[in-house]
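Secondary and tertiary structure notes
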Amino acid sequence: VYLGDLQEAMADYNQAIRLDPNSALAYNNRGNARVYLGDLQEAMADYTQAIRLDPNFALAYNNRGLARKNLGNLQEAMADYTQAIRLDPNFAGAYYNRGLVYKQQGKKPRAIADFRRAADLYKQQGNTGKWYRRALDHIEELE
C-alpha cells in the first residue's frame, strides 16, 4: 500500500463519515488506514466509535485488539479478541490473534487451543493459505 493511496483512502473515509456519521464500517475502515499510517491511537478511537455505533461488530473488536496489542496493552487486546469471538464464534482471525497474546504471556495450553481452533476454522472456511499455515506453525512450536 502506497502512502498516496492511504491518504486518498483517508479522504474517502472522511467523506463517507461526513455523509453518514452512523457508518460503523466507515469508522472501522478509516481505523485500518490509520494503522497503516502508524497512528494507532487514532485508529483505536475509530474502532471504538465503530463499536459504539454497532456493538455487534466483531471485526471492529478484533481490529481494536490488534491496535491495543501493538501498543502493548495485552489485557485490553485479549478482552477485544474475546468479545469478537463471543460475537462471531467462527472468527478464525480473532482466535489466532488471541493465541498470539496467550503465547506472548507464556500461557501455552491456551495459546495452542486458540491456534488449533483458528486452524480448524481456516480449514473449514477453505482458507488454507498463509494464516492457516502460521497457526499450524505456532502449534508445532509450542508443543
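See the structure printed just above.
Anyway, here's the lowdown on the structure attached to this text. (Residues numbered from 1 in each chain as written. Predicted model: local features only at pLDDT ≥ 70, side-chain atom pairs only at ≥ 80, totals over all residues. Heavy atoms only, no water.)

Tallying each qualifying case throughout the model produces eight salt bridges. One salt bridge connects E76 with R68, and the closest N-O pair in it is separated by 3.5 Å. On the basis of relative accessibility, which here comes to 38%, the residue E76 falls in the partly exposed class. Judged by relative accessible area, which is 16%, R68 ranks as buried. A salt bridge links R116 to E143; the shortest N-O distance between them is 2.1 Å. In this pair, R116 sits in helix α7 (residues 108-124) while E143 sits in the segment after α8 (130-142), placing the two residues 27 residues apart along the sequence. On the basis of relative accessibility, which here comes to 59%, the residue E143 falls in the exposed class. A cluster of three or more residues bridged by salt bridges with shared partners is formed by R64, R68, E76 and D80. (Salt bridge = Lys/Arg side-chain N within 4 Å of Asp/Glu carboxyl O. Buried < 20%, exposed > 50% of the residue type's maximum accessible area, 1.4 Å probe, protein only. Helix = DSSP H or I, 4+ residues; strand = E, 2+ residues; numbered from the N terminus.)

By size, the foremost hydrophobic cluster in this structure holds 34 residues, and its most contacted members are A50, A84, Y96, F115 and Y122. The element that contributes the greatest number of residues to this core is α7, accounting for seven residues. Not counting residues up to four positions away in its chain, the partners in contact with Y96 are F115, A118, Y122, W131, R134, A135 and H138. (Core = buried A, V, L, I, M, F, W, Y, C linked by side-chain atoms within 4.5 Å. Contact = heavy atoms within 4.5 Å.)

At their nearest, the axes of helix α4 (residues 58-70) and helix α6 (residues 92-104) sit 10 Å apart, and the two run at 25° to each other. Taken together, the axes of α4 and α6 lie roughly parallel to each other. Where α4 crosses over α6, the handedness of that crossing is left-handed. Between α4, through N62, L66 and K69, and α6, the contact on the second element is made entirely by G93, A94, N97, L100, V101 and Q104. Taken together, the residues that form the contact of α4 with α6 break down as four nonpolar, four polar and one charged. (Axes fitted to C-alpha atoms, helices over the stretch in contact; angles between N-to-C directions. Parallel < 35°, antiparallel > 145°, perpendicular 65-115°, else oblique. Left-handed = near helix turned anticlockwise from the far one by under 90°. Nonpolar A, V, L, I, M, F, W, Y, C, P; charged D, E, K, R; others polar.)

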